[in-house]
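One letter stands for each residue in the lines below.
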Amino acid sequence: MSPWLRRPKYTSPQRREMPSGLWAKCPRCQRLIYQKELERNLQVCPRCGYHHRLSAPERIAITLDPGSFVEFDAGLTSVDPLGFVGYAEKLEEARRRTGRAEAAVTGVGTVHGFRTVVAVLDFPFMGGSMGSVVGEKVARAAERALQQGLPLVTFSASGGARMQEGALALMQLAKTSAAVARLHQERLPYISVMCDPTTGGVTASFAFLGDLILAEPGALIGFAGRRVIEQTIGRRLPETFQTAEFCLEHGLIDMIVPRDQMRAQLGRLLRFFGAPRAAQAEPA
Amino acid sequence: MAAEPLPTPQAGSPAAPRLSPWEVVQLARHPQRPKAPDFILGLVTDFVEVHGDRLFRDDPALLAGLGWFEGQPVAVVGPYKGRDTRENLAHNFGMPNPEGYRKALRVMKLAEKFGYPVLSFVDTPAAFPGDEAEERGQAQAIARNIMEMSTLRTPILVVITGEGGSGGALALGVGDAVLMLQHAIYTVIPPEGCAAILWRDASRAQEAAEALRLTAEDLAALGVVDEIVPEPEGGAHRDPDAAVGAVREPLHRHLMALREIPLERLPALRYERYRRMGRQVESLSRG
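Keep in mind that what you see is a predicted model, and the values were worked out from it rather than measured.

Further remarks concern the overall build of chain B. Helix and strand content of chain B: twelve helices and nine strands. A compact globule built from 287 residues would reach a C-alpha radius of gyration of about 19 Å, and chain B, at 18 Å, matches this within 12%. Principal-axis analysis of the C-alpha atoms gives chain B an extent of 50 × 50 × 45 Å. Counting over 287 residues, chain B shows a buried share of 55%. In chain B, of all internal contacts separated by at least 6 residues, the share reaching a separation of at least 24 is 73%.

What follows is the structure, encoded as C-alpha cells:
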C-alpha cells in the first residue's frame, strides 16, 4: 500500500503531538521529527510524506504572498443560540487554546500576485465545525468576491456542522451553498481545496461546489462517518476508503496536489481564470 | 415571501400535557405515522410517479412525480419511508442514495422549466450512510441539490412531515416556505449520534434530544420554520387522514402567496431567507 494511504493514528483528533516543542511525532509513521525540519517541509513528514494538519493561520502563511493578506470579519463571534449544555465552555476553551475567535479565517490576498478572496477553516478550533459564524464568514467571503469581481478559494478542514448550534448549523449548508451559487451565476471562479479532514456538512455544501476541487494527499474526505457506515453495511472498510485518492478514483475531485506544489498550482489556476493581478505583484 | 407565520397552535385539548422532546422524537418516528405516499396521494390528484436519475439507477427511497394540487400542476418529491419492515426494506427506510437526490433534482429542474411549483414532503432519518453512496458522491449530490434549490426559479414549498434528518433532509428542504407538522423533528444530527459523539454514550439520546432543539416549536422560534401544522390529538398516527388533510389549507395558502411573486424574484427572496439564518455577534474592536 502506498504510504499516502495509511491512516494516521490520532490519540486525540485535534492535537498535533509536540513533545517538548523541539520534536514532533508523526501520527502516521510514529517517528519523531525535528520541529524545525518539519516547518521547513511545510509540516509534511519528511519520512513518510504525511501532511500534518495545519491551523488556518499556518495555511494562510504558506499559501498567500507574504504580507498580502487582509482579514475580513475578525470580530464575528459565536453565541450559544440554543443554550446547549457545555457549548459556552467549549467555545471559551477553543478561543483560549487557539487565540482565535472562530473556526474560519477569511480575507483577501494574493497568490503569486493574483488577487483572490480566501476562506480557510481552522481544524484546531472545535474541529473546524461550521456553526453560524463559520457559515456567515464563508457566505460573506463569497459575497465580497462577488462585489470585487475576485475568485474565491476555500480551504476546508472540518468535522462538519457544529451540532451545538442544532438546526441553525444545518442552515449554514444552505447559506454557504446559496452564496457560492451566486459566484457561479456571475461567472466568478471558485476553487475548493479539501484538506484533512473534510467531512459531513462541509462536504455537503460549499466544499463540493467548486468549479475545481483540489485535495491534499491522504486527506480524509467523506459525508458519513466510517464507523456509521461500517455499522450500517455490517463489514469493515478498507483503509483507503474516503481518502483523497479514493475520491479522485471515483471522479469526485479534480486533482490531488501535494502541499509543496499547492501555491504554484493555485497561482497557475488563478492566472488561467483571469484573476486580477495585484498592483505591486511579487512573482515568487 | 411566504404568508405571515401563525402563532403556534396548542396541542390537542387545552389540558393536553406538554410532550418532552424525546417523546416528540418517538412520535416523529412512529411507524404508523403518515408517510410521503400518504401525503402525496392524499393531497395531489392524478399523481404520476417518475423514475430514475438518468445517470445510474432509480432510487426506491425517493418518491418523485407530477400531479395536481388544488387545481394547479405541481412537481412532488419526498423520501419514501415505509410503514412496515417489508416496505422499509423495499425503500431503504427512506434513506436516499445519491441517485435519489439526483432524481429529485431532475424533477425539480423539470418543474422550473415549466414554472410548476415544487412540493417537497420531507421524512427521512438521514442520507443513506453506505460505502457505495460515498463512492457515488453522497456529499456532492446533497450539496448540488442545496445549491440548485437556492436558485430554482419556481416556488418551492417544503413540509417536514416526520424526521428531518440533517443534510439528507436539507437536500430536499431548501424552500420559499417551510412548514412543519407539530410532532415532526428537524435536526442537524440524530439525538443518538449526538449523544454518542458528545458523551460517548448513545443511551443519553434523551438529553441530546432536549439540547438539540429539534421540535417544531423550537424551529419556528429559530426562524427555520414558517408555520407549524397542528396534528390530531395524540399525534398524526392516531388519524392519518386528518393529519394529511390538515396540511392542505396552509400549503395552499403559502402557495397562493408565492404565486403573487414573479418567478424571477423568488431566488433573491429565498437567498435573503437563508442568508438571515444563524446567530452571531459582531464586535467592531476586532473587525
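Moving on to helix H9 (residues 205-212) of chain B. Buried within H9 of chain B are the following residues: Ala205, Ala208, Ala209, Ala211 and Leu212 of chain B. On an axial view of H9 of chain B, the arc spanned by its buried residues comes to 165°, and they lie on one face. Those residues of H9 of chain B that are buried lie in contact with helix H5 (166-185) of chain A together with helix H1 (21-28), strand E7 (185-187) and helix H8 (191-199) of chain B. Note on H9 of chain B: the residue one or two positions beyond its end, Arg213 of chain B, has a positive phi of about 55°.

Listed per partner, the contact involves 52 residues of chain A and 46 residues of chain B. Of all elements in the fold, only strand E4 (76-78), helix H4 (132-148), H5 and helix H6 (226-233) of chain A reach the threshold of two or more residues within the side of chain A that touches chain B. Examining the composition of the side of chain A that touches chain B, we find that 15 residues originate from one element, H5 of chain A, more than from any other. Residues that form the side of chain A that touches chain B fall into these classes: 33 nonpolar, 16 polar and three charged. With three bridges joining them, E4 of chain A and strand E9 (residues 280-282) of chain B adopt antiparallel strand pairing. Bridge pairing in E9 of chain B links Leu76 of chain A to Glu282 of chain B.

Once that is clear, we can look at the environment of Ser158 of chain A. Residue and element names in this part refer to chain A. Here Ser158 lies in strand E7 (residues 152-158). For the pair Ser158 and Tyr87, spaced 71 residues apart in sequence, the C-alpha separation works out to 17 Å. With sequence-adjacent residues up to four places away left out, Ser158 is seen in contact with Leu121, Phe123, Gly127, Gly128, Ser129, Met130, Thr198, Thr199 and Val202.

Before going further, it helps to spend a moment on helix H12 (residues 266-275) of chain B. Buried residues of H12 of chain B: Pro267, Arg270, Arg273 and Tyr274 of chain B, and no others. Angular distribution of buried residues about the axis of H12 of chain B spans 115°; they occupy a single face of the element. Exposed residues pointing more than 90 degrees away from the buried face of H12 of chain B are listed as Ala268 and Glu272 of chain B. Lining the buried residues of H12 of chain B we find H5 of chain A together with helix H6 (138-151) of chain B.

So, about the environment of Ile33 of chain A. Residues and elements named next belong to chain A. Here Ile33 shows up in strand E2 (residues 32-34). Residue Ile33 is classed as buried on the basis of its 22 C-beta neighbours within 10 Å. Along the primary structure Ile33 and Thr176 are separated by 143 residues, whereas in three dimensions their C-alpha atoms are 38 Å apart. Aside from chain neighbours lying at most four places away, what touches Ile33 is Trp23, Ala24, Cys26, Leu38, Cys45 and Pro46.

A separate point is the domain arrangement of chain A. Structurally, chain A comprises domain 1 (1-52) and domain 2 (53-272). Computed over C-alpha atoms only, the centres of domain 1 of chain A and domain 2 of chain A are separated by 22 Å.

What follows concerns the pairing of strand E1 (residues 45-49) of chain B. All names here are of chain B. In terms of burial, E1 is largely open, as just zero of its five residues are buried. Where E1 lies against strand E2 (residues 62-69), three bridges are found, and the strand directions are antiparallel. Bridge pairing in E2 links Val48 to Leu66.

So, about the pairing of E2 of chain B. All names here are of chain B. Sheet topology note: the E2/strand E3 (residues 72-79) ladder contains eight bridges and is antiparallel. If you follow Leu62 over to E3, its bridge partner there is Pro79. Where E2 folds back on E3, the antiparallel hairpin that results is connected by two residues, among which Glu70 adopts a positive phi of roughly 50°.

What follows is about the packing of helix H2 (residues 36-43) of chain B against helix H11 (residues 240-259) of chain B. All names here are of chain B. Packing of H2 against H11 brings their axes to within 9 Å, and their N-to-C directions diverge by 60°. In this view, H2 runs oblique relative to H11, as classed from their interaxial angle. Note that H2 runs across H11; the crossing there is right-handed. Along its contact with H2, which presents Asp38, Phe39, Gly42 and Leu43, the element H11 presents Pro240, Asp241, Val244, Gly245, Val247 and Arg248. Classifying every residue of the contact of H2 with H11 by side-chain character gives five nonpolar, two polar and three charged.

With that settled, consider the nonpolar core. Ala167 and Met194 of chain A together with Met108, Ile146, Met180 and Tyr186 of chain B are the most contacted members of the largest nonpolar core, which has 170 residues in total. Ranked by the residues each element gives to this core, the list is headed by H5 of chain A, at twelve residues. What Tyr186 of chain B contacts, discounting residues up to four positions off in sequence, is Ala167 of chain A together with Ile160, Gly164, Ala169, Met180, Leu214, Leu219 and Val224 of chain B. Of all hydrophobic cores here, the second largest spans six residues; its members include Ala24, Ile33, Val44 and Cys45 of chain A.

Right, let's get into unusual backbone geometry. All names here are of chain A. Of note, the amide linkage connecting Asp196 to Pro197 takes the cis form, showing an omega dihedral of -15°. The topology assignment puts Pro197 in strand E8 (residues 190-199). Positive phi, close to 55°, is recorded for Leu42, a residue that is not glycine. Positionally, Leu42 belongs in the loop between helix H1 (35-40) and helix H2 (56-63).

Calculation rules
- Residues numbered from 1 in each chain as written.
- Chains lettered and ligands numbered in written order.
- Predicted model: local features only at pLDDT ≥ 70, side-chain atom pairs only at ≥ 80, totals over all residues.
- Helix = DSSP H or I, 4+ residues; strand = E, 2+ residues; numbered from the N terminus.
- Rg over C-alpha atoms; globule rule 2.2 N^0.38 Å.
- Buried ≥ 20, exposed ≤ 12 C-beta atoms within 10 Å, placed from the backbone.
- Contact = placed C-beta atoms within 7 Å.
- Arc of directions from axis to C-beta.
- Nonpolar A, V, L, I, M, F, W, Y, C, P; charged D, E, K, R; others polar.
- Pairing = 2+ DSSP bridges.
- Domains from an automatic or database assignment.
- Axes fitted to C-alpha atoms, helices over the stretch in contact; angles between N-to-C directions.
- Parallel < 35°, antiparallel > 145°, perpendicular 65-115°, else oblique.
- Left-handed = near helix turned anticlockwise from the far one by under 90°.
- Core = buried A, V, L, I, M, F, W, Y, C linked by C-beta atoms within 7 Å.

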